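Listed below, chain by chain, are the residues.
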Amino acid sequence: MSAPAPSMFSPAANDQLKKLGLKKGRANLEEFADTLQALATADRNIIAVTSDSRGSGKLAPFGKALPKQIVEVGIAEQNLVGITAGLAACGKKSFGVSPSCFLTARSLEQIKNDLCYSNVPGVIIGISSGVSYGALGSTHHSIHDLAVLRAINNLTIIVPADNFETREAIRFAAHATRPVFVRFGKAAMFELHAPETKFEVGQALTLRDGNDVAFIANGETVVHALLAAAQLAESGIAARVLSLHSVKPLDTAAILRAGRECRAVITVEEHMVNGGVGDAVAATLLSAAVTPRFKAVGFPDEDTVTGAQADIFRHYGISMEGLAETARTLLRA
């Protein structure tokens, strides 16, 4: 028998989860699949396109329930994007679903030309992103995708942090009039938002307020930032936590408020520090001559260590303990 996967959270972090009353939901991929199936049941123009990824994309029930609304192209990601774009050009609402590492590397030309340059409202879903594939290593890690896609005009980029943000992102994408990329990992997520929360693409969501340090995070890193903020509060440090689910368009107003109101800003992402959210936030702050103490936490420009996602996160300081210590160090500087 294989050893169980290591926990994403230390015993101390699990204690903080209990104190915060955060309930564990399910993987965003599962929420995505159920949301898409519900939308497609009501609208026969919604089509899913997969590249041998029906199982990993949690779309097997979709295919069984709606066999005429799913297209399987096999391991051919460039074809997947072309077909997704073609269906969108013909009036269908198409969702191309594929592992992000292959989707955004092999198919970059098709994303740029067939979707974005052609301005068709196709949706591409990058699954198993970041280091979700764990020990499969660098060939399967997708820690470049935000950098390359940020450089392409006419593409909305969303990285949900929990099931609520996922539902709202997919509902938005189903009615979008321009291309959309949504990025998902594999881990089960925690419920971070109250039911009355309003979700808008391009507007960050504030999970906790504070004026000492601001954590600006997205995706599967947000809960770690929230736990770090809770731990810091025990020593009198007030940390703001923003879920920056929209990478494009970017909520520059929320970023500038954080930079002006807090002594330090820390970005947290499951991505290379080159070209991702850290670079986007830093550029926003510097362009407005707002200069708090700043640190981008992510994967450095090196061969990423191999291991389970939890091990990789801890190694690079994407944990309650690691982020809290980064904040303390930055505030002492």
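Counting from 1, residues in each chain are numbered in the order their sequence is written. The model is predicted, so local features are restricted to residues of pLDDT at least 70 and side-chain atom pairs to those at 80 or more, both for listing and for counting; the totals for chains, interfaces and linings are taken over all residues. As a rule here, side-chain values cover all heavy atoms of the structure and leave hydrogens and water aside.

(A) Representation of the packing of aromatic side chains within the structure. Stacked, edge-to-face and tilted labels apply to pairs of Phe, Tyr and Trp rings (six-membered ring for Trp) whose centres lie within 6.5 Å, assigned for plane angles under 30 degrees, over 60, and everything in between, in that order. Counted according to the given criterion, the structure contains 4 aromatic pairs. Relative to phenylalanine 184, the ring of phenylalanine 32 lies with its centre 5.6 Å away and its plane at 35°, an arrangement referred to as tilted. In this pair, phenylalanine 32 sits in helix H2 (residues 28–42) while phenylalanine 184 sits in the loop between strand S7 (180–183) and strand S8 (188–190), placing the two residues 152 residues apart along the sequence. An angle of 85° between the planes, with centres 6.4 Å apart, marks the rings of phenylalanine 164 and phenylalanine 199 as edge-to-face. In this pair, phenylalanine 164 is assigned in helix H8 (residues 163–175) and phenylalanine 199 in the loop between S8 and strand S9 (205–208), connecting sequence segments 35 residues apart. Relative accessible area decides the class of each residue, using a 1.4 Å probe on protein chains only: under 20% of the type maximum gives buried, over 50% gives exposed, and in between gives partly exposed. Under the relative-accessibility criterion, phenylalanine 164 is labelled buried at 11%. Comment: elements are numbered from the N terminus, with helices defined as DSSP H or I runs of at least four residues and strands as E runs of at least two.

(B) Looking closely at the sheet that holds S9. Taken in spatial order, the 5 strands of this open sheet run S9-S11-S10-S13-S14, and their pairing is mixed. Each of the sheet's edge strands pairs with one partner strand only, and the pair in question is S9 and strand S14 (293–299). Each adjacent strand pair in this sheet contributes to an overall mean axis angle of 20°, direction not counted. For two strands to be treated as a pair, DSSP must find at least two bridges joining them. By the bridge criterion, 5 bridges tie strand S10 (residues 213–217) to strand S11 (residues 239–243) in an arrangement that is parallel. Each residue of the ladder has a partner; that of phenylalanine 215, found in S11, is valine 241. In the packing of helix H9 (residues 222–233) onto the sheet, contacts are made with S9, S10 and S11, and the angle to S10 comes to roughly 165°. Working convention: axes come from line fits to C-alpha atoms, limited for helices to the stretch in contact. Angles between N-to-C directions cover 0 to 180 degrees. For this analysis, residues touch if any pair of their heavy atoms sits within 4.5 Å.

(C) Inspection of the pattern of salt bridges at higher detail. Salt bridge, as used here: a side-chain nitrogen of Lys or Arg that lies within 4 Å of a carboxyl oxygen of Asp or Glu. Under the defined criterion, the tally for this structure stands at 13 salt bridges. Across the salt bridge formed by aspartate 209 and arginine 240, the nearest N and O atoms sit 3.2 Å from each other. Pair noted here: aspartate 209 is in the loop between S9 and S10 and arginine 240 is in strand S11, with a separation of 31 residues, a long-range link. Assessed through its relative accessible area of 6%, arginine 240 is described here as buried. With a closest N to O distance of 3.6 Å, glutamate 325 and arginine 328 form a salt bridge. In this pair, glutamate 325 and arginine 328 are both assigned in helix H13 (residues 320–332), 3 residues apart and thus about one turn of the helix distant. Here arginine 328 falls in the partly exposed class, since its relative accessible area comes to 23%. One network of salt bridges, in which partners are shared, links Arg26, Glu31, Asp34 and Arg167.

(D) Representation of unusual backbone geometry within the structure. Cis geometry marks the peptide bond from lysine 248 to proline 249, where omega comes out at -5°. Looking at the element boundaries, proline 249 is found in the loop between strand S12 (246–248) and helix H10 (252–261). Phi at lysine 58 is positive, roughly 60°, even though this residue is not glycine. Structurally, lysine 58 can be placed in the loop between strand S2 (46–50) and helix H3 (60–65). A relative accessible area of 38% means that lysine 58 is categorised as partly exposed.

(E) Focus on helix H6 (residues 108–117). When we look at burial in H6, the residues that qualify are Gln110, Ile111, Leu115 and Cys116. The arc enclosing the buried residues of H6, seen along the axis, measures out at 150°, which places them on a common side. Facing away from the buried side of H6, by more than 90 degrees, are the exposed residues Glu109 and Tyr117. Contacts from the buried residues of H6 go to helix H4 (77–89), helix H5 (100–106), strand S5 (123–127) and helix H7 (145–150). Looking one or two places after H6, you find asparagine 119, whose phi comes out positive at around 55°. Think of it as the arc spanned by the lines of direction from the helix axis to the C-beta atoms.

(F) Examining the environment of isoleucine 318 more closely. Position of isoleucine 318 among the secondary structure elements: in the loop between helix H12 (309–315) and H13. Overall, the relative accessible area of 0% leaves isoleucine 318 in the buried class. Sequence separation between isoleucine 318 and alanine 239 is 79 residues, and the spatial gap between their C-alpha atoms is 16 Å. Ignoring anything within four residues of it in the chain, the contact list for isoleucine 318 reads Thr221, His224, Val268, Glu269, Val297, Gly298, Phe299, Phe313 and Leu323.

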